[in-house]
Amino acid sequence: MKKFFTVILIFLFANICFCPLSFASVNYNNCKIIEKNGKIGISLDDKIIIKPVYKNVQRRNYNYFILQDDNDKYSYVRHSDGEITVLIENADYIDTWTKSYLLVKVEKNGKFGIEKYTNKALQTIVPYEFDDITFCNYTYCIVKKGEKFGIRDILKENLKVGYEFDSIEPFKWENVLKVSANGKYGIYEYNKNKITKIKYEDIRIVNKGTHYYIQYKKNGKWKYLKSARLKLVTNTIKKGATYTVAITGLIITAPIWIWLLYALSSELT
């Protein structure tokens, strides 16, 4: 029995000492906007990490920030280990997709492109040749050239649909877009790379029971489009992060658990 309690104490000591180190991270919930003489900065745990010299500062996912200076030029920076790393600077405009701070919409010299931050470096995945860009999901975006709109595949870095629409409107559903041409509307389904006939007076999505459906307007009347039920977009970032932490913790403490079980079995036998 003495051996049993010794094993338990060693196990608890190991978890107390090593697990916090394994999961140690800066709590960016303690970030605060600070203002001095009408200028904006950021403090973390009451320490200034971004000096209050900017016209505006926006935080993107914990330790990533968009800075706007007095000349309305933008920078995208990362705070880590007490240091600020400038990822993008002197841009005309910067914004990130709401679901990923790693996909960055940037305007330079009047044209928009998309940068992806991966492996501690930026990669231009959509060239700076568009008059506007709208994120849809991880796979594609809406691009504008002149007065026409198209759909671009971000991962394959090519156009999915050319510049044939007068407007493209994303819904809350990832794979469905409302498109228009010559005053008529249709639906583009990205997964199927399929466009309905652009002949309707309007398009909308409605709730019927527990599901959502596409309706089209023709001759002043709304009718259901024969299409599969739609699924709402879900943000899996937090869930993925939770799984990652849980799996990491299991891997780190696995040797201790194995040793504990072996010690207990030896004690019982």
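Described below are features of the structure shown in this document. Residue numbers restart at each chain and count upward from 1, following the sequence in its written direction. Reporting in this predicted model follows two pLDDT cut-offs: at least 70 for local features of residues, and 80 or more for side-chain atom pairs to be given and counted; totals over whole chains, interfaces and linings ignore these cut-offs and use all residues. By convention in this description, side-chain values take in all heavy atoms of the structure and omit both hydrogens and water.

### Re a positive patch on the surface
For step 1, the next point in the chain: Patch definition: residues with relative accessible area over 30% and no salt bridge; like charges joined within 9 Å; nonpolar side chains (Val, Leu, Ile, Met, Phe, Trp, Tyr) joined within 5 Å. Accessibility throughout is a Shrake-Rupley quantity obtained with a 1.4 Å probe, and a residue counts as covered only by protein chains that appear here. Definition used for salt bridges: Asp or Glu carboxyl oxygen within 4 Å of a side-chain nitrogen of Lys or Arg. Asp and Glu count as negative and Lys and Arg as positive, but His and the ends of the chain are not part of the count. Charge placement uses NZ in Lys and CZ in Arg. For Asp and Glu, CG and CD serve respectively. A surface patch of positive charge is lined by K197, K199, K218, K221 and K223.
For step 2, the next point in the chain: Where helices and strands are cited, they refer to DSSP runs of H or I of at least four residues and of E of at least two residues respectively, numbered from the N terminus. With respect to the helices and strands, the residue K199 is situated in the loop between β19 (194–195) and β20 (202–208).

### Some points on the pairing of strand β10 (residues 111–118)
For step 1, the next point in the chain: Only strands that DSSP links by at least two bridges are regarded as paired with each other. Here strand β9 (residues 100–108) pairs with β10 via six bridges, running antiparallel. Across the sheet, V104 pairs through a bridge with E115, a residue of β10.
For step 2, the next point in the chain: Two successive antiparallel strands, β9 and β10, enclose a turn made up of two residues, where N109 displays a positive phi of approximately 55 degrees.
For step 3, the next point in the chain: Where β10 and strand β11 (residues 121–130) come together, six bridges link them in antiparallel fashion. If you follow Y117 over to β11, its bridge partner there is L122.
For step 4, the next point in the chain: The hairpin formed by β10 and β11 contains two residues between the paired strands, and N119 there has a positive phi angle of roughly 55 degrees.

### Topic: the environment of N158
For step 1, the next point in the chain: You can see N158 is positioned in strand β15 (residues 158–165).
For step 2, the next point in the chain: For the pair N158 and V126, spaced 32 residues apart in sequence, the C-alpha separation works out to 8.4 Å.

### Focus: the sheet that holds β19
For step 1, the next point in the chain: Strand order across the open sheet formed by four strands is β16-β17-β18-β19, with antiparallel pairing between neighbours. Every interior strand has two partners, whereas the edge strands, β16 (167–170) and β19, have only one.
For step 2, the next point in the chain: The pairing of β16 with strand β17 (residues 176–181) spans four bridges and is classified as antiparallel. Residue pairing in the sheet places E169 in a bridge with K178 of β17.

### Looking at the sheet that holds β10
For step 1, the next point in the chain: Spatially, the four strands line up as an open sheet ordered β8-β9-β10-β11, and their pairing is antiparallel. Taken across any chain shown, the strands that pair with only one partner, and hence form the sheet edges, are β8 (93–97) and β11. Going from strand to strand, the sheet's axes swing by 25 degrees on average, the running direction of each strand aside. Axes, fitted as lines to C-alpha atoms, cover a helix only where it is in contact. Angles between the N-to-C directions of the axes lie from 0 to 180 degrees.

### Structural notes on the side chain of H79
For step 1, the next point in the chain: Structurally, H79 can be placed in strand β6 (residues 74–80).
For step 2, the next point in the chain: The contact rule is simple, with two residues in contact once any of their heavy atoms fall within 4.5 Å. Beyond its immediate stretch of four places on either side in the chain, H79 contacts Y28, L44, I49, N63, F65 and I84.

### Brief notes about the state of the cysteines
Structurally, a disulfide amounts to a covalent bond that connects the sulfur atoms of two cysteines.
For step 1, the next point in the chain: For the purposes of this analysis, a disulfide is any pair of cysteine sulfur atoms at a distance within 2.5 Å. In total, this model carries zero disulfides according to the counting rule given.
For step 2, the next point in the chain: Cysteine C141 is unpaired, with the sulfur of C136 as its nearest cysteine sulfur at 7.0 Å.
For step 3, the next point in the chain: For every residue, the accessible area obtained with a 1.4 Å probe (protein chains only) is divided by the maximum for its type, and the residue is called buried under 20%, exposed over 50%, and partly exposed between those limits. When its relative accessible area of 0% is taken as the criterion, C141 is described as buried.

### Things to note about the packing of aromatic side chains
For step 1, the next point in the chain: Classification of ring pairs rests on two measures: the distance between centres of Phe, Tyr or Trp rings, Trp counted by its six-membered ring, which must be within 6.5 Å, and the angle between planes, read as stacked under 30 degrees, edge-to-face over 60 and tilted in between. Applying the stated criterion to the full structure yields eleven aromatic pairs.
For step 2, the next point in the chain: Measuring from ring centre to ring centre gives 6.0 Å for Y64 and Y117, while their planes differ by 70 degrees; the resulting arrangement is edge-to-face. With Y64 in strand β5 (residues 64–68) and Y117 in strand β10, this pair connects stretches of sequence that are 53 residues apart.
For step 3, the next point in the chain: Through successive ring pairs, a cluster of aromatic residues spans Y64, Y76, Y101 and Y117.
For step 4, the next point in the chain: Lysine NZ or arginine CZ positioned within 6 Å of the ring centre and within 35 degrees of the ring normal marks a charge as sitting over the ring. Its end group placed over the ring of F112, K105 keeps NZ or CZ at 5.0 Å from the ring centre.
For step 5, the next point in the chain: One residue, R204, lies across the ring of W222, its end atom 3.9 Å from the ring centre.

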